[in-house]
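Structural overview
For reference, the chains in residue letters:
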Amino acid sequence: MLPTPEGDHPDRPAGLRIGPLDLAARVDEALRVQAVAFGLSEEEVGIRRYIVQRHMTCRGARALGAFTDDGALAGFVYGMPNDRGYWWSSVVEPYLRAEGHEGWLDGSFVITELHVHPGFQGRGVGRALITRITDTAEETRSILSAVDTDSPARGLYRALGYTDLARRVHFPSASMPYAVMGAPLPLRRP
């Protein structure tokens with residue numbers, strides 16, 4: 001169980017250190033955070049373990065973590081330059097094309113996953129993670145997919161400058177529809 005954060009500092013959201021994450025080496029810890037934050041079953045965690053490990057071998061893939069003072073992982077983000085050959089791109093492409101936004105698949109940095117342990121949510125951790133990873137992107141824009149509901153995550157993405165490119169996107173393994181969102185880089189600051 002992660003400790004409750006004490007105090008905030010602009011450079012250390014929720015008293016955490018943001019820095020590089022060897023996601024391949026800490027995949028189980030990251031997936032525990034994702035399971036709690038996103039409500040994943042053990043079966044889903046097993047499937048995602050394989051996916052994360054495969055993603056981390058892709059060109060330009062990188063990850064950041066939010067770490068407590070004792071080194072525990074409180075949140076993480078990872079992404080990579082988009083490639084139309086990736087499974088995600090092949091699923092969202094027809095939806096983006098139908099909305100006139102297919103071009104977003106080129107020259108974009110994809111936020112593949114962003115999750116913060118519920119004990120640290122609402123303290124700027126997600127914002128710090130996503131802005132820091134996209135600040136190092138060579139691409140001029142970023143895309144991501146999020147569950148297509150009014151949620152704190154979608155509110156954060158909108159505040160950062162992401163807009164809906166396609167909605168009601170259905171992934172074969174997901175029961176709920178998703179929205180694909182895009183933003184110019186650098187992301188908007190408050």
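What counts and how
- Residues numbered from 1 in each chain as written.
- Predicted model: local features only at pLDDT ≥ 70, side-chain atom pairs only at ≥ 80, totals over all residues.
- Heavy atoms only, no water.
- Helix = DSSP H or I, 4+ residues; strand = E, 2+ residues; numbered from the N terminus.
- Polar contact = N/O pair within 3.5 Å; in protein donor to acceptor, adjacent residues only side chain to side chain.
- Contact = heavy atoms within 4.5 Å.

What follows concerns the side chain of Glu93. Examined against the element boundaries, Glu93 turns out to sit in helix α3 (residues 87-98). Only 2.6 Å separates the side chain of Glu93 from the side chain of Arg97, close enough to count as a polar contact. Those residues in contact with Glu93 that lie beyond four places of it in its chain are Arg84, Glu102 and Leu105.

Of note, Ala146 is situated in strand β5 (residues 141-147). For the pair Ala146 and Glu42, spaced 104 residues apart in sequence, the C-alpha to C-alpha distance is 21 Å. Excluding its chain neighbours within four sequence positions, the residues that come into contact with Ala146 are Arg154, Tyr157, Tyr178 and Ala179.

With that settled, the discussion passes to unusual backbone geometry. Leu185 connects to Pro186 through a cis peptide bond whose omega is 0°. The residue Pro186 is located in the segment after β7 (178-184) in this model. In this model, Arg168 sits at a positive phi of 55°, which is unusual for a non-glycine residue. Here Arg168 lies in strand β6 (residues 163-169).

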